[in-house]
Amino acid sequence: MNPAGESDRPAASMTLFEAVGGEPTFRKLVDEFYIGVATDPLLRPMYPEEDLGPAADRLTLFLMQYWGGPNTYSAQRGHPRLRMRHAPFRVGVAERDAWLLHMRRAVDRLDLEPEIAGALWAYLERAAYFMVNVVDDPAEPA
């Protein structure tokens, strides 16, 4: 760090976690996402806890770790095993698309640089498609 508190490392070696401003940005992303989930008729039933707080904490920790932040998620919960953890829930095309709708709105509210927002969105979109475990339409692979 230099005296201004900025990293001396070249931008190319900076993690996305660092580039977006660290934990506060990921907390904002997840908070914005769960605002939509809280009233979504497809997604809300997937969260058995009355309070969405624990789910929000898990998602925040996972995303921070994935993008180069602290490994708190794995320290607390072990390997992410995302598909296995979501297996008990019906995740079809409609659920995937609802998830993506709320996440797109959340990403857009962060007002990130286009390159960074694009990298974040590309991952989130791939992850959403990967989670589909029910084939609603024969044209959509699970």
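Please refer to the structure placed before this passage.
In this text, all values refer to a predicted model and were calculated from it rather than measured experimentally.

Asker: When you look at the overall build of the protein in this model, what are you seeing that I'm missing?
Answerer: Each helix and strand counted, the protein has seven helices and zero strands in total. Helices and strands in the protein line up, N terminus first, as α-α-α-α-α-α-α. Taking all 142 residues of the protein together, 39% fall into the buried category. The contacts of the protein with a sequence gap of at least 6 include a subset with a gap of at least 24, amounting to 64%. Entry remark: accessible area of the protein is about 8,300 Å², with carbon and sulfur atoms responsible for 57%.

Asker: I tried to follow the packing of helix H3 (residues 53-66) against helix H7 (residues 114-131) on my own but got confused; where do I start?
Answerer: When two helices pack together, their arrangement is given by the angle between the helix axes and by the axis-to-axis distance. Viewed as axis vectors pointing N to C, H3 and H7 meet at an angle of 120°, and their least axial separation amounts to 13 Å. With respect to H7, the axis of H3 lies oblique. By crossing handedness, the relation of H3 to H7 is classed as right-handed. Note on element contacts: H7 touches H3 through Tyr123, Leu124 and Arg126, opposite Phe62, Leu63 and Tyr66. Per-class residue counts for the contact of H3 with H7 are five nonpolar, no polar and one charged.

Asker: Even after reading the chapter, I still don't get the packing of aromatic side chains, so can you show me in this structure?
Answerer: Here the distance between the centres and the angle between the planes together describe a pair of aromatic rings. As enumerated under the stated definition, the model contains nine aromatic pairs in all. When the ring of Tyr66 is compared with that of Trp67, the centres are 5.0 Å apart and the planes differ by 80°; the resulting orientation is edge-to-face. Tyr66 sits in the partly exposed class, given a relative accessible area of 39%. A residue is classified by how much of its surface remains accessible, and Trp67, at 15% relative accessible area, is buried.

Asker: Got a minute to help me understand H7 in this structure?
Answerer: One turn of an α-helix holds 3.6 residues; hence residues three or four places apart share an orientation. Along its 18 residues, H7 runs 25 Å from first to last C-alpha, staying within 8% of the 26 Å computed at 1.5 Å per residue. By the burial criterion, the buried members of H7 are Ile116, Ala117, Leu120, Trp121, Tyr123, Leu124, Ala127, Ala128 and Met131. Buried residues of H7, viewed axially, fall in a sector of 160°; they line one side. Facing away from the buried side of H7 by more than 90 degrees, the exposed set consists of Pro114, Glu115 and Arg126.

Asker: Explanation requested: the environment of Gly68 in the structure shown.
Answerer: Mapped onto the elements, Gly68 comes out in the loop between H3 and helix H4 (72-77). Looking at Gly68, the relative accessible area reads 40%, which means it is partly exposed. Between the alpha carbons of Gly68 and Leu16 there is a distance of 6.7 Å; along the sequence they are 52 residues apart. Among all residues touching Gly68, those that are not within four sequence positions of it are Thr15 and Phe17.

Asker: In this structure, what is going on with unusual backbone geometry? I would like to understand it.
Answerer: Only a minority of non-glycine residues have a phi that is not negative, and only a minority of peptide bonds are not trans. Backbone geometry places Asp111, a non-glycine residue, at a positive phi of 55°. Assignment of secondary structure puts Asp111 in the loop between helix H6 (93-110) and H7. Note on Asp111: relative accessible area 70%, which makes it exposed.

Asker: Is there a simple way to explain the environment of Met64 in this structure?
Answerer: Assignment of secondary structure puts Met64 in helix H3. Considered as a pair, Met64 and Thr25 are 39 residues apart in the sequence and their alpha carbons are 9.4 Å apart. Those residues in contact with Met64 that sit more than four places away from it in its chain are Phe17, Glu23, Phe26, Gly69 and Pro70.

The rules behind the values
- Residues numbered from 1 in each chain as written.
- Predicted model: local features only at pLDDT ≥ 70, side-chain atom pairs only at ≥ 80, totals over all residues.
- Heavy atoms only, no water.
- Helix = DSSP H or I, 4+ residues; strand = E, 2+ residues; numbered from the N terminus.
- Buried < 20%, exposed > 50% of the residue type's maximum accessible area, 1.4 Å probe, protein only.
- Contact = heavy atoms within 4.5 Å.
- Areas by Shrake-Rupley, 256 points an atom, 1.4 Å probe, with all protein chains shown as cover.
- Axes fitted to C-alpha atoms, helices over the stretch in contact; angles between N-to-C directions.
- Parallel < 35°, antiparallel > 145°, perpendicular 65-115°, else oblique.
- Left-handed = near helix turned anticlockwise from the far one by under 90°.
- Nonpolar A, V, L, I, M, F, W, Y, C, P; charged D, E, K, R; others polar.
- Phe/Tyr/Trp six-rings, centres within 6.5 Å; stacked < 30°, edge-to-face > 60°.
- Expected span 1.5 Å × (residues − 1).
- Arc of directions from axis to C-beta.

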